[in-house]
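Structural features, examined
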Amino acid sequence: MEDDYWISRWKQGEIGFHQDEVNPYLRQYWDTLHIAHGDKVFVPLCGKSRDMIWLHEQGHAVLGIELSEFAVHTFFKENDLVPQHVIRGQFNHYETDGITILHGNFFELSQADLKNVRAVYDRASMVALPPEMRKRYVHHLATILPSATKILLITFDYPQSEMAGPPYAVSPEEVQALYHDHAEIQLLAKLDVLEQNQRFRERGLSRIQEAIFLLTLR
């Protein structure tokens, strides 16, 4: 999966993964992380997610990273925000009071970029990556985050043969295998959601589950 793939999807409006509303699992389960007011939250592969606005409204500093500059500009425009643009190191920084989005490649992030992060919100990052990239993603994330960082992770699981990703199928067993050496893992919920998702029924899926995890890095 090359960088141009995601850049092209954003420019062509092929963003079925984007949610116009704040994710209900974020609202329901965020308090389980016990993150203090003012703590910084990292949102990998953030797109133009309104979840960042919600996190900021809860009193958190928000740091996102996004490969598509079009998505970054769209986020600020749609939310009537005017960011400052600063180039630091590997990344273009788009900054407003409390929300910063880095334009660039996730895999170029370093520990210095995330040194003050206390929590991660991953709804559309792991499931956006094909199997061969997910192990690299988890290893890099665990390497650059401070110890004891909390992660709220949301995944999809469905028969991969019935639909080509993204979003890709990521089972609870795969989450266990990927994070076993890096974090304490707690499954908060696992829900059958096929009936509520017409677009997935129309694509022929026979089953789809969403799982919500609380991970605590060692």
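The structure under discussion appears in the preceding block.
Along each chain, residue indices are assigned from 1 in the same order as the chain's sequence is written. The predicted origin of the model limits local features to residues at a pLDDT of at least 70 and limits the giving and counting of side-chain atom pairs to 80 or more, whereas totals for whole chains, interfaces and linings rest on all residues. With hydrogens and water set aside, each side-chain value is computed from the structure's full complement of heavy atoms.

Here we come to the overall build of the protein chain. Regarding its fold elements, the protein chain presents seven helices and nine strands. Relative to a compact globule of 218 residues, whose C-alpha radius of gyration would be 17 Å, the protein chain shows 17 Å and is just as compact. For the protein chain, with 218 residues in total, the buried portion stands at 54%. Exposure was quantified through the Shrake-Rupley algorithm and a 1.4 Å probe, taking into account, for residues, occlusion by the shown protein chains and nothing else. Only carbon and sulfur atoms are counted for the fraction: they give 47% of the accessible area of the protein chain, which is about 10,600 Å². Charge assignment: positive for Lys and Arg, negative for Asp and Glu; neither His nor the chain ends contribute. Taken as the charge centre is NZ of Lys, CZ of Arg, CG of Asp or CD of Glu, depending on the residue. Separation of charge centres in the protein chain, based on 21 positive and 30 negative side chains, amounts to 2 Å. Each helix is a run of DSSP H or I of at least 4 residues and each strand a run of E of at least 2, with the numbering of both proceeding from the N terminus. For a compact globule the rule gives 2.2 Å times the number of residues to the power 0.38, and the radius of gyration it is set against comes from C-alpha atoms. When a residue's accessible area, from a 1.4 Å probe over protein chains only, is under 20% of the maximum for its type it is buried; when over 50% it is exposed; and in between it is partly exposed.

With respect to the secondary-structure elements, Val193 resides in the loop between β8 (183-192) and α7 (198-202). For the pair Val193 and Ile208, spaced 15 residues apart in the sequence, the C-alpha separation amounts to 6.0 Å. A contact between two residues is defined here by any heavy atoms of the two lying within 4.5 Å. Those residues in contact with Val193 that sit more than four places away from it in its chain are Tyr25, Ile208, Gln209 and Glu210.

For the rest of this paragraph, the subject is helix α6 (residues 172-179). Looking only at α6, the buried set comprises Pro172, Val175, Leu178 and Tyr179. Projected down its long axis, α6 carries its buried residues within an arc of 125°, all on one side. Exposed and facing more than 90 degrees away from the buried side of α6 are Glu173 and Ala177. The inward-facing, buried residues of α6 contact α5 (131-144), β7 (150-157), β8 and β9 (209-217). An arc is given here, and it is the one of the directions from the helix axis to the C-beta atoms.

Let's shift gears to the pattern of salt bridges. By definition here, a salt bridge exists when the distance from a side-chain nitrogen of Lys or Arg to a carboxyl oxygen of Asp or Glu is within 4 Å. A complete count under the given rule lists five salt bridges for this structure. Between Glu78 and Lys48 there is a salt bridge, and its shortest N-O distance comes to 2.9 Å. Here Glu78 is found in helix α4 (residues 69-78), whereas its partner Lys48 is found in the loop between β1 (40-43) and α3 (51-57), with 30 residues between them in sequence. Judged by its relative accessible area of 11%, Lys48 falls in the buried class. Put simply, Glu95 and Arg88 hold a salt bridge, and the shortest N to O gap is 2.6 Å.

So, about the nonpolar core. Counting 69 residues, the largest nonpolar core has Trp30, Phe42, Leu55, Tyr121, Tyr137, Ile151 and Tyr179 as the members making the most contacts within it. Leu55 has contacts with Leu26, Trp30, Val41, Val43, His60, Val62 and Tyr121, leaving out every residue within four places of it along the chain. To define a nonpolar core, start from buried Ala, Val, Leu, Ile, Met, Phe, Trp, Tyr and Cys residues and group those joined through side-chain atoms within 4.5 Å.

Further remarks concern the packing of aromatic side chains. Between the rings of Phe, Tyr and Trp (Trp by its six-membered ring), a pair exists once the centres lie within 6.5 Å; its type follows the angle of the planes, with under 30 degrees stacked, over 60 edge-to-face, and the other angles tilted. The full count for this structure, using the stated rule, is four aromatic pairs. Both rings, one in Phe106 and one in Phe107, keep their centres 5.1 Å apart while their planes meet at 80°; by these two values the pair is edge-to-face. When sorted by exposure, Phe106 lands in the same class as Phe107, which is buried. Each ring, one from Phe106 and one from Tyr137, has its centre 4.9 Å from the other, and the planes form 35°; the classification is tilted. Here Phe106, found in the loop between β5 (99-103) and β6 (117-122), pairs with Tyr137, found in helix α5; they are 31 residues apart in sequence, far enough to count as distant. For Tyr137, a relative accessible area of 0% puts it in the buried group. Each residue in the set Phe106, Phe107 and Tyr137 is aromatic and connected to the rest through ring pairs, giving one cluster. Distance and angle both matter: a charge sits over a ring if NZ of Lys or CZ of Arg is within 6 Å of the ring centre and within 35 degrees of the ring normal. The side chain of Arg136 reaches across the aromatic face of Phe107, ending 3.8 Å from its centre.

Let's shift gears to the environment of His140. Along the chain, the position of His140 falls in helix α5. Placed 31 residues apart in sequence, His140 and Ser171 show a C-alpha to C-alpha distance of 20 Å.

On to unusual backbone geometry, then. Negative phi characterises most residues that are not glycine, and trans characterises most peptide bonds. Backbone torsion omega between Gly165 and Pro166 reads 0°, so that peptide bond is classified as cis. Along the polypeptide, Pro166 turns up in the loop between β7 and α6. Geometrically, the link from Pro166 to Pro167 is a cis peptide bond, its omega value of 0° lying close to zero. Positionally, Pro167 belongs in the loop between β7 and α6. Backbone geometry at Asp80 places phi at a positive 55°, although glycine is not the residue there. Within the secondary structure, Asp80 sits in the loop between α4 and β3 (84-88).

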